[in-house]
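Structural features, examined
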Amino acid sequence: MIHLVASDLDETLLRSDKHVGLYTQEMIRKIQEKGIHFVCATGRPFFSIQNTLREIGQFQKPGTYTISLNGGCVTENNTGQVLYTKPMNFDLVNQIYTLGKTYDVGIQVYLVDKTYAYRLNEDERHFLKGRMEVSKIDAEDLSFLKNRPIIKILFENTDLSILKQIEKQLPETISQNCDLSYSSNRYFEFNPRGVHKGLGLEYLCDHLKIAIKDTLAIGDNINDLGLLKTAGLSIGVKNAHPDILSTIDDLCPYTHDEDAVGHILQRYILSK
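If you're wondering where the values come from, they're calculated on a predicted model, not measured in any experiment.

**Section: the side chain of E11**
As for its position among the elements, E11 is in the loop between strand 1 (4–7) and helix 1 (22–33). Judged by relative accessible area, E11 falls into the buried class, the value being 18%.

Okay, structure coming up:
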C-alpha cells in the first residue's frame, strides 16, 4: 500500500503556466485525507516553491515536507526547519564555478536560502519568472561564499549539445566527486557524489517510519532518476525524457499540462 507520494515539480506537477491544475489539487487533497503523504521533490530550493505549496494546501502546514535541491535538503513545511542537508565541498564547487566561466553557459549557485546567478541572460530570466528569484553576481570566484554551505551548482544553456560536450570534458576531480544530472532541457546539474532526490526520499521515509516499498515517485527528467529508482513504484508523465523510460514501472498517458499527477493519484491510489 502506498503511504507516501513524491513528485517532481517542473514539467511534472506544474503545468507550463507554473501552476497546479485544479483536478490535481483535488486528487492531492483526497490522498492526504486518507493519511497519505504528498511530497514535492524538486531541484529548486524550498523558498522558491511557496506558491505551489499554497496551491496544494501545504503552505506552513504541520506534518508536510519538501525534498529540494535534488535531494540535498529536506525541509518541514510548517516551520521551514531544515531537517537534513548535504552540502558540497567548497573547493569542488569553486572549481566547477571557475570552469563554467570558460564556457558559454550561465551558472547558478544554490544555498538553502538563496540562489546566485552568473551570466543571467534574458531567456533564462524569463524562464525563472514565477519559479524562482536569483541574485545576479559577476564574481571572479566563490570566495565570498566560503563559509556558507553550498548545496548545488548548475550550468545553463538551452543547447543541450553544449552541455553534453562539457560533461565529456570534465576533469576527473569533478566527474568522480559529483552526481551529474540534467533537467528542464536547459540545465546541467552538479550535486555531491551520491546525493540525488532518492537520497532525500530515503531520509524522509526513515524520519516518518515509512518503508521505501510503500512509496510512489512521479517524474519526467534525468534529475528524477535517483527518485524513480529508489521508490517502490515509479511512474513517468507522458512528456518524460526518453532516458528515464527504461527505469520507470509505467508511463502515464497524460502530460504535465493535462493533470498527469492527478490522474496517477486516481489510478494508483484512489481507485484501489
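**Quick look at the nonpolar core**
If you look at the biggest cluster of nonpolar residues, it comprises 49 residues, and the most contacted ones within it are I96, Y97, V109, I153, F155 and F190. Of all the elements, helix 3 (residues 90–100) adds the most residues to this core, at six residues. Core analysis: the next-biggest nonpolar cluster, separate from the first, contains 27 residues, L53, V237, A260 and I269 among them.

**Some remarks on the side chain of Q108**
You can see Q108 is positioned in strand 6 (residues 106–110). For Q108, the side chain forms a polar contact with the side chain of Y110, separated by 2.6 Å. Of note is the side chain of Q108, whose polar atom sits 2.7 Å from the side chain of E124. Once you skip the residues sitting within four places of it in the chain, Q108 turns out to touch T115, Y116, A117, E124, L128, M132, K152, I153, L154 and Y187.

**Concerning the sheet that holds strand 8 (residues 135–137)**
Strand order in the open sheet formed by six strands is 8-7-6-9-11-10, with mixed pairing between adjacent strands. Only two strands of the sheet have a single partner each, and these edge strands are strand 8 and strand 10 (178–183). The sheet shows a mean angle of 25° between the axes of neighbouring strands, direction not considered. Pairing analysis gives four bridges linking strand 6 to strand 7 (residues 115–118), with the strands arranged antiparallel. Each bridged residue has a counterpart across the sheet, and for Q108 the counterpart in strand 7 is A117. The strands touched by helix 5 (residues 160–169) are strand 9 (152–156), strand 10 and strand 11 (187–192); relative to strand 10, the strand with the most contacts, the crossing angle is about 170°.

**Remarks on the packing of aromatic side chains**
In the structure shown here, the tally under the stated rule is eight aromatic pairs. Considering the side-chain rings of F127 and Y187, the 6.0 Å spacing of their centres and the 70° angle between planes classify their relative orientation as edge-to-face. Here the residue F127 occupies a position in helix 4 (residues 122–128), and Y187 occupies one in strand 11, the gap between them amounting to 60 residues. Looking at F127, the relative accessible area reads 15%, which means it is buried. Measuring from ring centre to ring centre gives 5.0 Å for F155 and F190, while their planes differ by 65°; the resulting arrangement is edge-to-face.

**Here we look at the pairing of strand 12 (residues 215–219)**
In terms of burial, strand 12 is largely enclosed, as five of its five residues are buried. Of the two faces of strand 12, the one carrying T215, A217 and G219 and the one carrying L216 and I218 are both buried. Of the strand pairs in this sheet, strand 1 and strand 12 are connected by four bridges, and their pairing is parallel. When the sheet's bridge partners are listed, S7 is paired in strand 12 with I218. With four bridges connecting them, strand 12 and strand 13 (residues 233–236) associate as parallel partners. Following the sheet pairing, L216 is matched in strand 13 by L233. Since strand 12 and strand 13 lie parallel, the crossover through helix 8 (residues 225–230) that links them has a hand, and here it is right-handed.

Procedures and definitions
Residues numbered from 1 in each chain as written. Predicted model: local features only at pLDDT ≥ 70, side-chain atom pairs only at ≥ 80, totals over all residues. Heavy atoms only, no water. Helix = DSSP H or I, 4+ residues; strand = E, 2+ residues; numbered from the N terminus. Buried < 20%, exposed > 50% of the residue type's maximum accessible area, 1.4 Å probe, protein only. Core = buried A, V, L, I, M, F, W, Y, C linked by side-chain atoms within 4.5 Å. Polar contact = N/O pair within 3.5 Å; in protein donor to acceptor, adjacent residues only side chain to side chain. Contact = heavy atoms within 4.5 Å. Pairing = 2+ DSSP bridges. Axes fitted to C-alpha atoms, helices over the stretch in contact; angles between N-to-C directions. Phe/Tyr/Trp six-rings, centres within 6.5 Å; stacked < 30°, edge-to-face > 60°. Right-handed = clockwise from strand over helix to strand, strands pointing away.

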